[in-house]
Amino acid sequence: MPLTHTVGSITVTALVDGAGPFFQPRVEAFPDATAEQWREADRRDPDTVTPDRRWWLPFRAFALRTGDGPVTLVDAGIGPADALAASWAPVPGRLPAELAAAGIDPADVRTVVLTHLHTDHIGWAGPLFSNADHLVQRAELAALELFHPELPARLLGPLRAAGQLRVVDGDTTLTPGVRVLSTPGHTPGHQSVLVDDGDDRLLVTGDLLVHTLQLIDPTLAYAHEEDPATAATSRTNLLNTLAPVTLATPHLGTPFTPHPVPAPPAHPGPR
Ligand SMILES: [Zn+2]
């Protein structure tokens, strides 16, 4: 059964499309991390390191829903066997089965927020969600030719032709309590999704952070951020502004992570 977290009336469901090892040694992905930071990350997030010290990462999407109302899906996973992510990610993904296990009919998905257009976040976008607008930041489309020249033909053209591409500029309210926030850096038009009911907050981060190292030190760069300085600023500002917040992340070992980590309960020590 997929894991869920509730904020007010909104149920957030974690959907695991796949999991696999990263394609390069993990120290190359975070060249500035210290040995002590790696130790702390492995202690907090033991499921993302293999016995031979490789980075093991899940690929998740998240569904937001109130009752049996319309569903907002944040990200669309690695996709089927012939998806663009096949060159590096463990396709085929199992998002359709995960949705079924969560009791979600793809026809009830009315909005797909694409946090960014990297191939591990767009795999199932398009025909599977034929009733959904697909929401992308204008800055992401403008920068597209820099990193994925094949996407206009594969994904965006068909979405546009079907009237399913919704282009937004910056922070945008989707429904009461649900907003997309512009969080550039990982890519030029990266966006995250904030669920806020006044008392309680959850941020579906996308790749605003990709590893627990970047919670231990939000200024730590990830080698595949297109603009590391801007990414660090987005990450630091948002984590500071929102804390305390639950982070719903695609690539950490567990789908829901409190930030900051709550202090351990005090217990009487030996006398
Ligand atoms: Zn990713």
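Conventions used here
The residue numbers shown here count from 1 along each chain, following its written sequence. With the structure being a predicted model, the display of local features is reserved for residues of pLDDT at least 70 and the display and counting of side-chain atom pairs for 80 or more, all residues being used for whole-chain, interface and lining totals. Here the side-chain values reflect all heavy atoms present in the structure, with hydrogen atoms and water set aside. By the criteria applied, helices consist of DSSP H or I runs no shorter than four residues and strands consist of E runs no shorter than two, each listed in order from the N terminus. We compute the radius of gyration over the C-alpha atoms and compare it with the globule rule, which gives 2.2 Å times the number of residues raised to the power 0.38. Here the term buried applies to any residue with accessible area under 20% of the maximum for its type, exposed to any over 50%, and partly exposed to those in between, with areas from a 1.4 Å probe on protein chains only. Contacts are assigned to residue pairs that have any heavy atoms within 4.5 Å of one another. Only the protein chains shown count as cover for residues, and the accessible areas themselves come from Shrake-Rupley with a 1.4 Å probe. Working convention for charge: Lys and Arg count positive, Asp and Glu count negative, and His plus the chain ends are omitted. In plain terms, the charge of a residue is placed at NZ if it is Lys, CZ if Arg, CG if Asp and CD if Glu. Distances up to 2.8 Å from the metal define which N, O and S atoms are donors, and 3.2 Å serves for Na, K and Ca; water is absent from the atom set, so sites may look incomplete. Under this scheme a four-donor centre is tetrahedral when all angles range from 85 to 135 degrees, a four-donor centre is square planar and a six-donor centre octahedral when opposite donors are above 155 degrees with the rest from 65 to 115, and any other centre is irregular. A side-chain nitrogen of Lys or Arg and a carboxyl oxygen of Asp or Glu constitute a salt bridge if their distance falls within 4 Å. We define a polar contact as two N or O atoms separated by no more than 3.5 Å, with the added condition that, inside protein, one atom must be a possible hydrogen donor and the other a possible acceptor, whereas residues neighbouring each other in sequence contribute only through side-chain atom pairs. Paired rings are identified among Phe, Tyr and Trp, the last through its six-membered ring, by centres lying within 6.5 Å, and are further divided according to the angle between planes into stacked (under 30 degrees), edge-to-face (over 60) and tilted (the rest).

Draft legend 1. Geometry of the overall build of the chain. A count of helices and strands for the chain gives eight helices and 13 strands. Relative to the globule expectation of 18 Å for 271 residues, the C-alpha radius of gyration of the chain, 18 Å, shows essentially globular dimensions. Dimensions of the chain along its principal axes, counting C-alpha atoms only, are 70 × 40 × 35 Å. Taking all 271 residues of the chain together, 54% fall into the buried category. Put simply, of all contacts in the chain between residues at least 6 apart along the chain, 67% involve residues at least 24 apart. As presented, the chain carries roughly 11800 Å² of accessible surface, and 55% of it is formed by carbon and sulfur atoms. Computed over 18 positive and 31 negative side-chain charges, the separation of the two mean positions in the chain equals 4 Å.

Draft legend 2. Fine view of the coordination of the zinc ion. At the metal site, the zinc ion is ligated by Asp120 (OD), His121 (NE2), Asp207 (OD) and His251 (NE2), and these contacts range over 2.0 to 2.4 Å. Each of the four donor atoms bound to the zinc ion contributes to angles spanning 88 to 158 degrees, and the resulting shape is irregular. Along the chain, the residues that donate to the zinc ion are spaced as D-H-x85-D-x43-H. Placement of the pair is His121 in the loop between strand S5 (109-113) and strand S6 (133-137) and Asp207 in the loop between strand S11 (201-204) and helix H7 (213-216), with a sequence separation of 86 residues.

Draft legend 3. Spotlight on the side chain of Arg60. Along the chain, Arg60 turns up in strand S3 (residues 56-66). Buried and unpaired, Arg60 has Asp45 as its nearest opposite-charge partner, separated by 7.1 Å. Within the structure, the side chain of Arg60 is placed 2.8 Å from the backbone oxygen of Leu252, a separation counted as a polar contact. Looking at Arg60, its side chain comes within polar contact range of the main-chain oxygen of Gly253, at 3.1 Å. Those residues within four positions of Arg60 in sequence are excluded, and the remaining contacts are Ala14, Leu15, Val16, Asp75, Thr249, Pro250, His251, Leu252, Gly253, Thr254 and Pro255.

Draft legend 4. View of the packing of aromatic side chains. All told, the structure shown has 10 aromatic pairs when counted by the stated rule. Between Phe22 and Trp55, the ring centres sit 4.6 Å apart and the planes meet at 40 degrees, which makes this aromatic pair tilted. Placement of the pair is Phe22 in the loop between strand S2 (10-21) and helix H1 (26-29) and Trp55 in the loop between helix H2 (35-44) and S3, with a sequence separation of 33 residues. Taken as a pair, Phe22 and Trp55 share a single burial class, namely buried. Where Phe23 meets Trp88, the ring centres are 5.6 Å apart and the plane angle is 80 degrees; that geometry is what we call edge-to-face. Within this pair, whereas Phe23 is found in the loop between S2 and H1, its partner Trp88 is found in the loop between strand S4 (71-74) and helix H3 (95-101), the two being separated by 65 residues in sequence. Here Phe23 falls in the partly exposed class, since its relative accessible area comes to 47%. An aromatic cluster is defined as three or more aromatic residues linked by ring pairs; in this entry it consists of Phe22, Phe23, Phe30, Trp38, Trp55, Phe59, Trp88 and Tyr222.

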